[in-house]
Amino acid sequence: MSDAPLDVVVIGSGPGGYVAAIRCAQLGLKTACVERAELGGICLNWGCIPTKALLKSAEILDHARRAKEFGVIVEGVRPDFAAIIKRSREIADKISKGVGFLFRKNKIEHIAGTAKLLPRAGAWQPHKIQVGDRVVEAKHVILATGARAKSLPGIELDGERIVEYRRAMTLPQQPRTLAVLGAGAIGVEFASFYRSLGTEITIVEFLPRLVPNEDAEISLELQKAFDKRGIKTLVGHKLASARRDGDRVKLVAEPAAGGAKVELEADVLLVAVGVAPNTETLGLEAHGIQLDRGFIKTDAENRCGDGLWAIGDVIGRGLAHVASAEGVFVAEKIAGVHAEPLQYDAIPACTYCHPEIASIGLTEATAKAQNLPIKVGRFPWRTLARAVGSGETTGFVKVIWHAETGALVGAHLIGPAVTDIIAELSLAKSTEVNAESLMSTIHAHPTFAEAIRGATEDAYGHAIDL
C-alpha cells in the first residue's frame, strides 16, 4: 500500500533525526519518522545518556569512598553492579519514551521498521520509502541512520568476552579485569567507570597518548590522573591478536615503533576503535548518492541528492549535538525559512571520564602549525577556591587567544564541571566575545567558571590568583 505523500520522511530517530522531525513539524511540514529500534537512537538508548547514568553512579561511589575527607562517616561502601546497570537502562527507557511523547505532541507519525529508498521515476515524482509492506511517499527525505561500533580485522566481537560499547553497559556481571582497545572518548569513559567499581583496567592505544584528538597537555594530565587511579595504559601499542580462551581473553600488544611484545589477559575486552555508518541497506545506489568509506557525502547544505539530505553520524560528524544542530538546519532549509549555517570550527567536544575533559577550537600545536599569533593562558584548579572546597583540584583550564584580534582560537579543559562551563567558551568562539570582553565580564564567586577568566588573565599577563 502507498499513502498520500508527506512533506518529509526522516529515517532514523537519534539526536539528529528526532530533532529534525520535530523542527519540520513545527514549521508546518507533514512529517513522519522511521525507526527500526528504540526511539532516540543509539545516543539516547545506548550511548550518550545511559553511559552518563553509569558514570554518575561511579561518581557517587567515588564520593562515598572519600566521604571522610569532608567530615562524613560512610561505612560499607560497595557497588551494586546489577542495580547500577538497571538504573542506567531505566533512564534510557524513560527518555526514549519522552521522544515518543514529543512525536505525538507535534503530530509526527512514528513508523516502526527498516526503511529503504526505492528507485525514483523522475525528478518530478516524490520519493518512495519502503518500510515492511508499506510504501511511504515524501517530497524530502532526511537520512539520519547513524553509525554502529566497528572492530578491527581479526578481532571478532562475540558479545560475551569480546564486546563493543552496547554490551559493555549491560554485562551480566562486573568483570574483575577489563582490557580496553582504544583511548578515545568511549574507551576512557568505560575505563573510568569500571575502575571506580574496582575492576582492573588496561588500555591499549595505537597512538602515542590517551585521547589523541585533544591538546597534548590534556592527554598528559589525563595520563597522570589515570596512573593515580591505577588504570594501566599501553599507549603507542597496536593489538596484534585477541582470542577467547574459555572465560578469559588473551591479548598480544606490540609497540608501534617496534620492540618487545606484551601479553595480557582479561575477563572482557572492550573494542572502542570507532564506528561504521549505517548505509548498507538504504537503497542509496538507486539515487546516485556518493559514499566516502561508507559515509554519505553531502554538500555544504547537507544535500546528498534531489530532495535528499543527510545529517549526523551517517555523514561522519560523530557528535550528538552536531547532529541535532544539522537536523534543525536542514528542516529550516526544507521549509524555506532562514537557516543559520553551522560553525563547525565552534563545536565543543566533551568526554565524561574522571576527570572530565572539554575542548573547542584549535589545539596549541595546530595553532602554531598554522602560524597564528597566539596568547596562551592556564589556570590550575588547585588555586581556585571553589575547586579546593569541592575537593576537586586535578586539572586546569587552558585558553588560546589570537594575539592580534583577541578572538578565541581554542580552549582545553580537564577537571571538575568542565563539560558544563565549556558553554561560555563556545559562546565566545561563535560570537564576537573576545579576550577583553571576557575578562571584563564579572564571574560569580566562588564558581568553577572563574577559572576561565583566570586563564584568560594569565594569557595577558595579569592573573590575580596565580
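Quick note: structure is the one above.
It should be emphasised that the depicted structure is a prediction, and the values quoted were computed from it without experimental measurement.

Chemist: An account of the pairing of strand β15 (residues 268-271) is requested, with residue identities and associated values reported.
Modeler: In β15, alternate side chains face the same way, and those of Val268 and Leu270 on one face and Leu269 and Val271 on the other are all buried. Both strand β8 (residues 162-163) and β15 contribute to a ladder of two bridges, which runs parallel. What sits directly across from Ile162, in β15, is Leu269. Here strand β9 (residues 177-181) pairs with β15 via four bridges, running parallel. Across the sheet, Leu178 pairs through a bridge with Val268, a residue of β15.

Chemist: Hey, could you go over helix α4 (residues 81-105) for me, with residue numbers and the actual values?
Modeler: For an α-helix the count is 3.6 residues per turn, leaving residues at separations of three or four pointing the same way. Its 25 residues give α4 an end-to-end C-alpha distance of 37 Å, which sits within 8% of 36 Å, the value for a rise of 1.5 Å per residue. Among the residues making up α4, those that are buried are Phe81, Ile84, Ile85, Ser88, Ala92, Ser96, Val99, Gly100 and Phe103. Lining the buried residues of α4 we find α1 (17-26), β2 (31-35), α2 (41-46), α3 (48-65), β3 (109-112) and α6 (185-197). Of the residues one or two after α4, Lys107 is the one with positive phi, at around 60°.

Chemist: Go over the packing of aromatic side chains with me, naming the residues and quoting the values.
Modeler: The full count for this structure, using the stated rule, is three aromatic pairs. Between Phe193 and Tyr194, the aromatic rings sit 4.8 Å apart at their centres with planes inclined by 70°, giving edge-to-face as the arrangement. Exposure remark for Tyr194: the relative accessible area of 1% places this residue in the buried category. The interplanar angle of 80° and the centroid separation of 5.8 Å between the aromatic rings of Trp381 and Phe448 together place this pair among those described as edge-to-face. Of this pair, Trp381 sits in the loop between β23 (374-380) and α10 (385-390) while Phe448 sits in the loop between α12 (435-439) and α13 (450-459), and the two are 67 residues apart along the sequence. Phe448 shares its class with Trp381; the two are buried. An aromatic cluster is built from Phe81, Phe193 and Tyr194, whose rings are joined through pairwise contacts. A cation over a ring is seen here: Arg317 above Tyr344, with NZ or CZ 4.2 Å from the ring centre.

Chemist: Break down the environment of Ile111 for me, citing the residues and quoting the values.
Modeler: With respect to the secondary-structure elements, Ile111 resides in strand β3. For the pair Ile111 and Ile11, spaced 100 residues apart in sequence, the C-alpha separation works out to 9.4 Å.

Chemist: I'd like a description of the sheet that holds strand β14 (residues 262-266), backed by residues and values.
Modeler: Pairing within the open sheet is antiparallel, and its three strands lie in the order β12-β13-β14. For this open sheet the edge positions go to β12 (237-245) and β14, each flanked by a neighbour on one side alone. Direction aside, neighbouring strands of the sheet carry axes that sit 20° apart on average. Summarising the sheet, β12 and strand β13 (residues 248-255) pair through eight bridges and their orientation is antiparallel. Residue pairing across strands places Lys238 opposite Glu254, the latter belonging to β13.

Rules of the game
- Residues numbered from 1 in each chain as written.
- Predicted model: local features only at pLDDT ≥ 70, side-chain atom pairs only at ≥ 80, totals over all residues.
- Heavy atoms only, no water.
- Buried < 20%, exposed > 50% of the residue type's maximum accessible area, 1.4 Å probe, protein only.
- Helix = DSSP H or I, 4+ residues; strand = E, 2+ residues; numbered from the N terminus.
- Pairing = 2+ DSSP bridges.
- Expected span 1.5 Å × (residues − 1).
- Contact = heavy atoms within 4.5 Å.
- Phe/Tyr/Trp six-rings, centres within 6.5 Å; stacked < 30°, edge-to-face > 60°.
- Lys NZ or Arg CZ within 6 Å of the ring centre and 35° of its normal.
- Axes fitted to C-alpha atoms, helices over the stretch in contact; angles between N-to-C directions.

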